Amino acid sequence: PPERLFRRALRSLVAGRDEAAEEDLTAIVRDDSNEVEAYLGLAEIYRRRDEIGRAITMYQNLNLRSDLDDEQREAVMCGLGLAFESGGFVPRAIATFEQVLERTSDQRTALEGLMRLLPQQADLERALVVRRRWSRKHGTPDPAAEAALLAEIARTGLRDPDLARK
């Protein structure tokens, strides 16, 4: 039964046996293609194994489905953003995380993804806003990280004397 396969897949994942979990999850979706959670599990296994193309394809296919509930849609989009990030597709990862935040303004995975990625794209002001937003919703402020962003903003501003004075 699918419930038993899910439990066995969970035990395999906890034990670090991704291949065994993959086999069980694959058996579930072969039997019932409506099992979104099994597809999500497979996509996550592929992403963690750096099979990025396979993970992205699975997340994109899931995103096309009209039968996802809000929680599943959020998981799909967050997984897709993480897969894009893992694959080095930074602008697409940022856009995907921003789509998640349009639906759920304080979604933790999306905020953390933007905190990692925006500085890489030299979007420091937005990175600072996201970091502060994350701190309000999910944790304590990180003055050192904020100071590092502010210092980098100032260094960037040195090229423009008026901006540097601000």
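You'll find the structure just up there.
None of the values given here were measured: they were computed from a predicted structure.

Participant: Summarise a negative patch on the surface; cite the residues concerned and give the values.
Facilitator: The grouping of E37, D69, D70 and E71 at the surface amounts to a negative patch. Checked against the element boundaries, D70 lands in helix α5 (residues 70-86). Residue D70 is classed as exposed on the basis of its relative accessible area, which comes to 63%.

Participant: How would you sum up helix α4 (residues 52-63)? Please name residues and give values.
Facilitator: Between its terminal C-alpha atoms α4 stretches 16 Å, which fits the 16 Å expected from 12 residues at 1.5 Å a residue. All of the buried residues along α4 are I52, A55, I56, M58, Y59 and L62. Each buried residue of α4 lies within a common arc of 165° when the element is viewed along its axis, so the set occupies one face. Residues of α4 that are buried in the fold lie against α3 (36-48) and α5.

Participant: Go over the nonpolar core, please, and point to the residues and values.
Facilitator: Core analysis: the largest hydrophobic core is formed by 46 residues, its most contacted members being L25, M58, Y59, L62, F97 and L114. For this core, the elements supplying multiple residues, two or more each, are α2 (18-31), α3, α4, α5, α6 (90-103), α7 (108-120), α8 (124-138) and α9 (143-157). Ranked by residues supplied to this core, first place goes to α3 with eight residues. Beyond its immediate chain neighbours, meaning those up to four positions away, L114 contacts I94, F97, E98, L101, P119 and V130.

Participant: Can you tell me about the packing of aromatic side chains, naming the residues and giving the values?
Facilitator: Tallied over the full model, the rule gives one aromatic pair. Both rings, one in F84 and one in F89, keep their centres 6.3 Å apart while their planes meet at 85°; by these two values the pair is edge-to-face. Taking relative accessible area as the criterion, F84 reaches 3% and is therefore assigned buried. The class for F89 is partly exposed, based on a relative accessible area of 40%.

Participant: Any details on the packing of α3 against α4? Residues and values, ideally.
Facilitator: For any two helices packed against each other, one specifies the inter-axial angle together with the distance between the axes. Interaxial distance between α3 and α4 falls to 7 Å at its minimum, and their mutual angle equals 155°. Taken as axis vectors, α3 and α4 run roughly antiparallel relative to one another. The two elements α3 and α4 cross, and the hand of that crossing is left-handed. Residue-level inspection shows V36, Y39, L40, L42, A43, E44, Y46 and R47 of α3 in contact with α4, the latter providing I52, R54, A55, M58, Y59 and L62. Looking at the contact of α3 with α4, its residues break down into 11 nonpolar, no polar and three charged.

Participant: Give me the lowdown on the packing of α8 against α9, citing residues and values where you can.
Facilitator: The geometry of α8 relative to α9 is characterised by a closest axis approach of 9 Å and an angle of 165° between their N-to-C directions. Here α9 runs roughly antiparallel to α8, going by the angle between their axes. For the pair α8 and α9, the sense of crossing is left-handed. Here L124, E125, A127, L128, R131 and R132 of α8 lie close against α9, whose contacting residues are A145, E146, L149, L150, E152, I153 and T156.

Basis of the calculations
- Residues numbered from 1 in each chain as written.
- Predicted model: local features only at pLDDT ≥ 70, side-chain atom pairs only at ≥ 80, totals over all residues.
- Heavy atoms only, no water.
- Patch = residues over 30% accessible without salt bridge, like charges linked within 9 Å, V, L, I, M, F, W, Y side chains within 5 Å.
- Areas by Shrake-Rupley, 256 points an atom, 1.4 Å probe, with all protein chains shown as cover.
- Salt bridge = Lys/Arg side-chain N within 4 Å of Asp/Glu carboxyl O.
- Lys, Arg positive; Asp, Glu negative; His and termini not counted.
- Charge placed at Lys NZ, Arg CZ, Asp CG, Glu CD.
- Helix = DSSP H or I, 4+ residues; strand = E, 2+ residues; numbered from the N terminus.
- Buried < 20%, exposed > 50% of the residue type's maximum accessible area, 1.4 Å probe, protein only.
- Expected span 1.5 Å × (residues − 1).
- Arc of directions from axis to C-beta.
- Contact = heavy atoms within 4.5 Å.
- Core = buried A, V, L, I, M, F, W, Y, C linked by side-chain atoms within 4.5 Å.
- Phe/Tyr/Trp six-rings, centres within 6.5 Å; stacked < 30°, edge-to-face > 60°.
- Axes fitted to C-alpha atoms, helices over the stretch in contact; angles between N-to-C directions.
- Parallel < 35°, antiparallel > 145°, perpendicular 65-115°, else oblique.
- Left-handed = near helix turned anticlockwise from the far one by under 90°.
- Nonpolar A, V, L, I, M, F, W, Y, C, P; charged D, E, K, R; others polar.

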